[in-house]
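Coordinates in review
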Amino acid sequence: MATIRPLHIANGEISQISDADSIDTGLLGNERISVAIPNPQIGQSLTICWHPQAAQIWNCYLSRRGGTSVTVDIYHDADRNSVTANALFFTGETVSTDAIVTPTLLGNVITGGTWIWAVIVSVVGSVEELEIVLEIG
Amino acid sequence: MAVVKPIYLTAAGGIEEADPATDTISGPLLPSIVKTLSIYPPASGDNELFLYTDRALTISNVRAVLIGGGTSVALTGIYHATTRNSGSPNTVISSQTIDSFSTGVSWNTFSDPTVPANSWIWCVLGTVTGAVDGCTIAITYSFD
């Protein structure tokens, strides 16, 4: 086992990447952030993550377990409690299946230094858990 | 688009393809990773786990924010140790106040931010002033 230092081409020559270099983030793939919200309640505002770099939310996957449905909005903003935060969906997304729901994304470009959070808009029945997965890169 | 394996210079001066099963890439080349922990509602004495790491890492930033009402939450400390319930863990940061409801409070000066492999990282909260709905703490780190 070894800790390696990859190579790159600079001025037509192969050299080792130094600590001062950084790898093009496009090569690193997208990050997936998963949260499970047990027993979601109307009005709950739940932080998903802090994201220090500018990025895009490429996909959002939702699912729920138990009950009938849960409607959720996802927001992102530098101000965690902003009342004018950027919405990820056109309107609250209702999840009424155990299968995966992939909502159409509205404002999916996030700036560096952004909080991302979910707000539970409505719950029908005894929903045991809401699952949220964001693919960010 | 392809999933590629980097090549690297061996100690003997040759070039070999990296083996994902056994090799790791030198840490400074990798991007920072953020682990976010939320506590609803926070209470004095809460002791919550961020993560367990099997690789050495260095914490570069801690950011925290409050949600809803209330006034503040004391951050007794963020700690790391190879034993989760160690009575004498290593202190990343201690005795801070979380009182931001907007962009968060941020720290990047630490007592001991270097976390050895096979360590637990957790936080302990102190006094909660007012009825705070939620407290979120995000640590930014990179593998060594």
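Let me sum up the structure you'll find in this document. (Residues numbered from 1 in each chain as written. Chains lettered and ligands numbered in written order. Predicted model: local features only at pLDDT ≥ 70, side-chain atom pairs only at ≥ 80, totals over all residues. Heavy atoms only, no water.)

This part covers the overall build of chain B. Within chain B, the secondary structure is distributed over zero helices and 12 strands. Helices and strands appear in chain B in the N-to-C order β-β-β-β-β-β-β-β-β-β-β-β. A principal-axis box enclosing the C-alpha atoms of chain B has dimensions of 65 × 40 × 25 Å. By residue count, 42% of the 144 residues in chain B fall in the buried class. Excluding contacts between residues fewer than 6 apart, the proportion of contacts in chain B whose partners are at least 24 apart in sequence is 77%. When the accessible surface of chain B is totalled, it reaches about 6,800 Å², and 51% of it is carbon and sulfur. In chain B, the 5 positive side-chain charges and the 11 negative ones have mean positions that sit 3 Å from each other. (Helix = DSSP H or I, 4+ residues; strand = E, 2+ residues; numbered from the N terminus. Buried < 20%, exposed > 50% of the residue type's maximum accessible area, 1.4 Å probe, protein only. Contact = heavy atoms within 4.5 Å. Areas by Shrake-Rupley, 256 points an atom, 1.4 Å probe, with all protein chains shown as cover. Lys, Arg positive; Asp, Glu negative; His and termini not counted. Charge placed at Lys NZ, Arg CZ, Asp CG, Glu CD.)

With that settled, the discussion passes to the environment of A:S122. All names here are of chain A. Tracing the backbone shows S122 in strand β11 (residues 114-124). By relative accessible area, S122 is classed as partly exposed at 24%. As for S122 and I42, which are separated by 80 residues in sequence, their C-alpha atoms are 5.2 Å apart. If near-sequence neighbours (up to four positions away) are discounted, S122 is found in contact with I42, S69, V70 and T71.

Interpretation in functional terms is not warranted from these geometric data alone.
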